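Now for the letters of each chain:
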Amino acid sequence: MDLISVSVMLFLIMDPMGNLPIFSSVLRHVEKKRRRVVLARELLIALFVMILFLYLGEGILNFLALKKEAISISGAIILFLISLKMIFPSQDSSLGLAAGEEPLIVPLAIPMLAGPSILATLILIAHQEPDRMIEWTGAIVIAWLASAIILMFGELFEKLVGPKGLAAIERLMGMLLLMISVQMFLNGIFGYFEHMAQ
């Protein structure tokens, strides 16, 4: 995988278009002057967590004695489930926040942006090609910047495309992520059989 394909994959997993209505709902109770500050803080926390997992990923795998094929297949299953949720979204949007409460880390930074699926993907990437960490850091920053722009200008995006447009974009992103997850699964299966044949 190259920088662009990893950036696109991470952007799809972050799913800013799908998260936009949830972010708007959570921040609706925050004072208008504070909304951008809170959002910027949550975005920076998510970026820090993602980079942390990228660099600690190899150590976690070594500690757990996991093979890259197992990580590839399990990562593919996680992405597959996330893509299904994007294509067939549920109506449950309970976030466990009291009315008027300002979010801190949960639920916006974690798990909405830096959720289990993206963290598992970063561990997999770090394990597969640990010599390209600078490139993968760049991919995180590119995907994060694209997501940050969409979320920071969320009201404008919602006005431009409307609720139906947002739903259509999220489903399209879900379809792309579904294809990526199937490819990851096949890579893991082929890698396993190649390993067994040696």
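Trainee: Can you help me understand the packing of aromatic side chains in this one?
Mentor: The relation between two aromatic rings is expressed through the spacing of the ring centres and the mutual angle of the planes. Tallied over the full model, the rule gives one aromatic pair. Positioned above the aromatic ring of F153, the side-chain terminus of R36 is 5.1 Å from the ring centre.

Trainee: Which parts of the structure should I look at to understand the packing of helix 2 (residues 16-27) against helix 7 (residues 133-152)?
Mentor: When two helices pack together, you describe them by how their axes are tilted relative to each other and by the distance separating the axes. It is the contact of helix 2 with helix 7, at a shortest axis distance of 10 Å, that shows an interaxial angle of 35 degrees. Seen from above, helix 2 lies across helix 7 with right-handed handedness. Residue-level contacts link P16, M17, L20 and F23 of helix 2 to S147, I150 and L151 of helix 7.

Trainee: Just to check I follow, could you spell out the side chain of E170 for this structure?
Mentor: With respect to the helices and strands, the residue E170 is situated in helix 8 (residues 154-197). For the buried E170, which has no salt bridge, the nearest side chain bearing the opposite charge is R171, at an N-O separation of 6.2 Å. Once residues within four sequence positions are removed from consideration, E170 is found in contact with D15, G18 and M86.

Trainee: What's the story with the nonpolar core in this structure? I'm lost.
Mentor: Core analysis: the largest hydrophobic core is formed by 50 residues, its most contacted members being L10, M50 and I118. Only helix 1 (3-14), helix 2, helix 3 (32-64), helix 4 (68-87), helix 5 (108-113), helix 6 (116-128), helix 7 and helix 8 provide two or more residues apiece to this core. Those residues in contact with M50 that lie beyond four places of it in its chain are M14, A114, I118, L119, L122, I140 and W144.

Trainee: How should I be thinking about the confidence of the model for the chain in this particular structure?
Mentor: For residues with low pLDDT, the predicted coordinates do not support detailed interpretation. Taken residue by residue, the chain gives an average pLDDT of 84. The fraction at 70 or more is 94%. Within the chain, no element has a lower average pLDDT than helix 4, which sits at 79, and none a higher one than helix 7, at 96.

Trainee: Looking at this structure, how should I read the layout of surface pockets?
Mentor: Any space left empty among the atoms is revealed by the rolling of a water-sized probe across them. The volume enclosed by the second largest pocket comes to roughly 390 Å³. If you trace the second largest pocket, you find 16 residues lining it, with S24, L27, R35, G154 and E155 closest to the centre.

Trainee: Hey, could you run me through the pattern of salt bridges in this one?
Mentor: Side-chain pairing between opposite charges can occur once the charged atoms of the two side chains come close. Under the criterion given, the structure shown has six salt bridges. With its nearest N and O atoms 3.1 Å apart, the salt bridge here joins E102 to R41. Taken together, the residues E102 in the loop between helix 4 and helix 5 and R41 in helix 3 connect sequence positions 61 residues apart. For E102, a relative accessible area of 32% translates into the label partly exposed. R41 gets classed as partly exposed once you look at its relative accessible area, which sits at 26%. Between E129 and R132 there is a salt bridge; the shortest N-O distance is 2.8 Å. In the salt-bridge network here, residues are joined through shared partners; they are R34, R41, E42 and E102.

About the criteria used
- Residues numbered from 1 in each chain as written.
- Predicted model: local features only at pLDDT ≥ 70, side-chain atom pairs only at ≥ 80, totals over all residues.
- Heavy atoms only, no water.
- Phe/Tyr/Trp six-rings, centres within 6.5 Å; stacked < 30°, edge-to-face > 60°.
- Lys NZ or Arg CZ within 6 Å of the ring centre and 35° of its normal.
- Axes fitted to C-alpha atoms, helices over the stretch in contact; angles between N-to-C directions.
- Helix = DSSP H or I, 4+ residues; strand = E, 2+ residues; numbered from the N terminus.
- Left-handed = near helix turned anticlockwise from the far one by under 90°.
- Contact = heavy atoms within 4.5 Å.
- Buried < 20%, exposed > 50% of the residue type's maximum accessible area, 1.4 Å probe, protein only.
- Lys, Arg positive; Asp, Glu negative; His and termini not counted.
- Salt bridge = Lys/Arg side-chain N within 4 Å of Asp/Glu carboxyl O.
- Core = buried A, V, L, I, M, F, W, Y, C linked by side-chain atoms within 4.5 Å.
- pLDDT = per-residue confidence, 0-100.
- 1 Å grid on protein atoms, 1.4 Å probe; cavity = no way out; pocket = protein on both sides within 12 Å on 5 of 7 lines; lining within 4 Å.
- Points joined across faces, edges and corners; volume = space filled by probe spheres on them.

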